[in-house]
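Okay, here's what each chain looks like letter by letter:
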Amino acid sequence: MRQNPVFLFCMLMIAVYALVGCKKDPESNQFVLKMWNIQMKGANVVPATPGNGASAYALLYLRDDYQLYYDIYFDSLPGGIAPEGVDIRIGGPVQNNNTALLTLTGNFNGKKMSGNMPMPKLIADSLIKSAAYMQIVSKANPGGIVRGQLDKKIILSLDVNMDGSQVVPTANNTSTAKFSLRMTDDNIAWYAIDVKNLPAGDVLKEAHIHTPTGVTLLKLCSGAADYGVQMNMTITGEPLRALRSDPLYVDVHSTLFPNGLVRGLVR
């Protein structure tokens, strides 16, 4: 399969900088403090829009005079979508931060955007030390066309809608839930379960991922404090293989619905 030239350029640049460390910018007297090669996908937006096959790459480098240079390229962009804004926000793979740490200046020329801008040292320090993500938005997609982590590469994205009608037997309640999981290339699963319309007096208990026969593959939550926040665990071996390819379901239990408050199919 033919690789796009921007992606190949990004890979080459990373290889060069890995060999030489803090490299002097050949066009100036400045040194490069940090480089980021970011792979962004529509599937990484939280929550993802079904069928969003958008994909983009970004190469950023920060010089020691705190000038940030960037090249961004969409290798897949659905028709009718015009990217308009690019920003960087502090947060993990399933966190949504309402405040941008930095908004890149410039405009897209079709599928491409390049430019440079000053980056205050305080912001640069936060970006180097903290988990952060980049997202590209449009008027039609204010929550993001594509998204990617600066500090990690996402290799698997799952979003599951859950309700009581999918529990077996049906759980008669109006609760709904969203399960979002993003697996990074260091075998860490980052996930969150947000439950809405919990019945009065009910308390959230455990949540699991199960095989079709009901065997527990992974325990996700232990109690109420584990819901609505980013959680993580390391997954390897058979659970990882099953998570990536097998038919599975996820469910949430509560005190009033010990057999399942809500449930949804992973695949």
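Scroll up to find the structure.
Keep in mind it's a predicted model, so treat the numbers as computed, not measured. (Residues numbered from 1 in each chain as written. Predicted model: local features only at pLDDT ≥ 70, side-chain atom pairs only at ≥ 80, totals over all residues. Heavy atoms only, no water.)

## Thoughts on the overall build of the chain
Secondary structure assignment for the chain yields three helices and 16 strands. Buried positions account for 47% of the 267 residues belonging to the chain. Pairs at least 24 apart in sequence give 61% of the contacts found in the chain among residues at least 6 apart. Accessible surface computed for the chain: about 13100 Å², of which carbon and sulfur atoms make up 54%. (Helix = DSSP H or I, 4+ residues; strand = E, 2+ residues; numbered from the N terminus. Buried < 20%, exposed > 50% of the residue type's maximum accessible area, 1.4 Å probe, protein only. Contact = heavy atoms within 4.5 Å. Areas by Shrake-Rupley, 256 points an atom, 1.4 Å probe, with all protein chains shown as cover.)

## Considerations on the side chain of His253
Tracing the chain through its elements places His253 in strand S15 (residues 249-254). Note on His253: relative accessible area 13%, which makes it buried. Looking at His253, its side chain comes within polar contact range of the main-chain oxygen of Pro258, at 2.7 Å. Those residues in contact with His253 that lie beyond four places of it in its chain are Leu204, Lys205, Glu206, His208, His210, Tyr227, Pro258, Asn259, Gly260 and Leu261. (Polar contact = N/O pair within 3.5 Å; in protein donor to acceptor, adjacent residues only side chain to side chain.)

## A look at unusual backbone geometry
Across the chain, the bulk of peptide bonds are trans and the bulk of non-glycine residues have phi less than zero. With an omega dihedral of -10°, the bond running from Val46 to Pro47 counts as a cis peptide bond. Position of Pro47 among the secondary structure elements: in the loop between strand S1 (32-41) and strand S2 (55-63). With an omega dihedral of -5°, the bond running from Val168 to Pro169 counts as a cis peptide bond. Structurally, Pro169 is set in the loop between strand S9 (154-163) and strand S10 (176-184). A positive phi angle is found at Tyr66, which is not glycine, with a value near 60°. By secondary structure assignment, the location of Tyr66 is in the loop between S2 and strand S3 (67-76).

## Describing the pairing of strand S14 (residues 231-234)
Taking every second residue as pointing to the same face, the buried face of S14 carries Met231 and Met233, while none of Asn232 and Thr234 on the other face is buried. With four bridges connecting them, strand S11 (residues 188-196) and S14 associate as antiparallel partners. Across the sheet, the residue bridging to Tyr191 is Met231, located in S14. (Pairing = 2+ DSSP bridges.)

## Brief notes about the pattern of salt bridges
Under the counting rule described, the total for this entry stands at nine salt bridges. Arg89 is the partner of Asp87 in a salt bridge, and the nearest nitrogen-oxygen pair spans 3.1 Å. For the pair shown, Asp87 and Arg89 are each scored as buried. One salt bridge in this structure joins Asp125 and Lys121, with 2.8 Å as the shortest N-O distance. Here Asp125 pairs with Lys121, and both are found in helix H2 (residues 121-129), just four residues apart, close to one helical turn. What you see here is one network of salt bridges that share partners, running through Glu238, Arg241 and Asp246. (Salt bridge = Lys/Arg side-chain N within 4 Å of Asp/Glu carboxyl O.)

## Comments concerning the packing of aromatic side chains
Taken as a whole, this structure holds three aromatic pairs when the rule is applied. A cation over an aromatic ring shows up here: Arg147 above the ring of Tyr133, its NZ or CZ 3.6 Å from the ring centre. (Phe/Tyr/Trp six-rings, centres within 6.5 Å; stacked < 30°, edge-to-face > 60°. Lys NZ or Arg CZ within 6 Å of the ring centre and 35° of its normal.)

## Description of the side chain of Ser175
Summarising the element assignment, Ser175 is placed in the loop between S9 and S10. If sequence neighbours within four positions are ignored, Ser175 has contacts with Met162, Asp163, Gly164, Lys196, Asn197, Leu198, Pro199, Leu261 and Val262.

## As for the environment of Phe31
Looking at the secondary structure, you find Phe31 in the loop between helix H1 (5-20) and S1. Look at Phe31 and you get partly exposed, because its relative accessible area is 32%. Here the alpha-carbon distance between Phe31 and Tyr66, two residues 35 residues apart in the chain, equals 9.9 Å.

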